[in-house]
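# Examining the three-dimensional arrangement
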Amino acid sequence: MVHYADGKPLGDLTLRTLAMPSDANAAGDIFGGWVMAQMDLACGIRAAERAKGRVVTAAVKEMSFAKPMKIGDTLCIYTHVERVGRTSMTLKVEAWAQRYLSDLMEKVTHADFVMVALDGEGKPKPVPAES
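Everything in this summary refers to the structure shown in the same document. (Residues numbered from 1 in each chain as written. Predicted model: local features only at pLDDT ≥ 70, side-chain atom pairs only at ≥ 80, totals over all residues. Heavy atoms only, no water.)

Turning next to unusual backbone geometry. One can expect most non-glycine residues to show negative phi and most peptide bonds to be in trans. One non-glycine residue, K52, lies in the positive phi region at around 55 degrees. Overall, K52 belongs to the exposed group, its relative accessible area being 53%. Even without being glycine, L101 reaches a positive phi, approximately 55 degrees. In this fold, L101 is placed in the loop between β5 (88–98) and β6 (104–117). Given the relative accessible area of 77%, L101 is considered exposed. (Buried < 20%, exposed > 50% of the residue type's maximum accessible area, 1.4 Å probe, protein only. Helix = DSSP H or I, 4+ residues; strand = E, 2+ residues; numbered from the N terminus.)

What follows is the structure, given as structure tokens:
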């Protein structure tokens with residue numbers, strides 16, 4: 001059974017991936033940019049499902065790293081659609097590390113991502129109502 005050290009994650013588990021040596025610096029800490037890229041991928045998945053089509057990242061609001069990721073940790077990204085505007089969505093995103101060979105889960109970072117729905121020509125389009 002998983003033990004959450006920092007409360008429970010907000011949102012739905014959208015992406016899980018393993019932190020590998022190629023994602024780390026010489027000290028074995030995973031690059032923050034790699035974690036952020038995984039968060040962006042997860043937002044793209046969730047926002048595209050909600051928009052029923054193509055989306056792009058318009059903005060990432062403040063992000064700071066509370067704890068490091070290490071080689072072998074499993075990165076778990078949770079997303080929640082917080083707000084839907086006419087053509088954009090704001091998603092709350094949390095990155096959690098399931099520590100290597102452990103049931104311990106710790107929150108690594110969180111941020112708000114703003115995603116914009118696009119039409120076939122790459123222009124903003126309205127986000128459809130939820131079905």
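This part takes up the packing of aromatic side chains. Scanning all chains against the criterion turns up 1 aromatic pair. Taking 5.7 Å as the distance between ring centres and 85 degrees as the angle between the ring planes, the aromatic pair formed by Y4 and W96 counts as edge-to-face. Of this pair, Y4 sits in strand β1 (residues 3–4) while W96 sits in strand β5, and the two are 92 residues apart along the sequence. Note on Y4: relative accessible area 24%, which makes it partly exposed. Relative accessible area serves as the criterion here: at 0%, W96 is assigned to the buried category. (Phe/Tyr/Trp six-rings, centres within 6.5 Å; stacked < 30°, edge-to-face > 60°.)

Right, let's talk about the pattern of salt bridges for a bit. A pair can form between side chains of opposite charge whenever their charged atoms are brought close. Within this structure, the stated rule accounts for 8 salt bridges. Taking the shortest distance from any N to any O, the salt bridge between D112 and K92 comes out at 3.3 Å. Pair noted here: D112 is in strand β6 and K92 is in strand β5, with a separation of 20 residues, a long-range link. The partner of E94 in a salt bridge is K107, with the nearest N and O atoms 3.5 Å apart. Of this pair, E94 sits in strand β5 while K107 sits in strand β6, and the two are 13 residues apart along the sequence. Accessibility expressed as a relative area gives 22% for K107, which makes it partly exposed. (Salt bridge = Lys/Arg side-chain N within 4 Å of Asp/Glu carboxyl O.)

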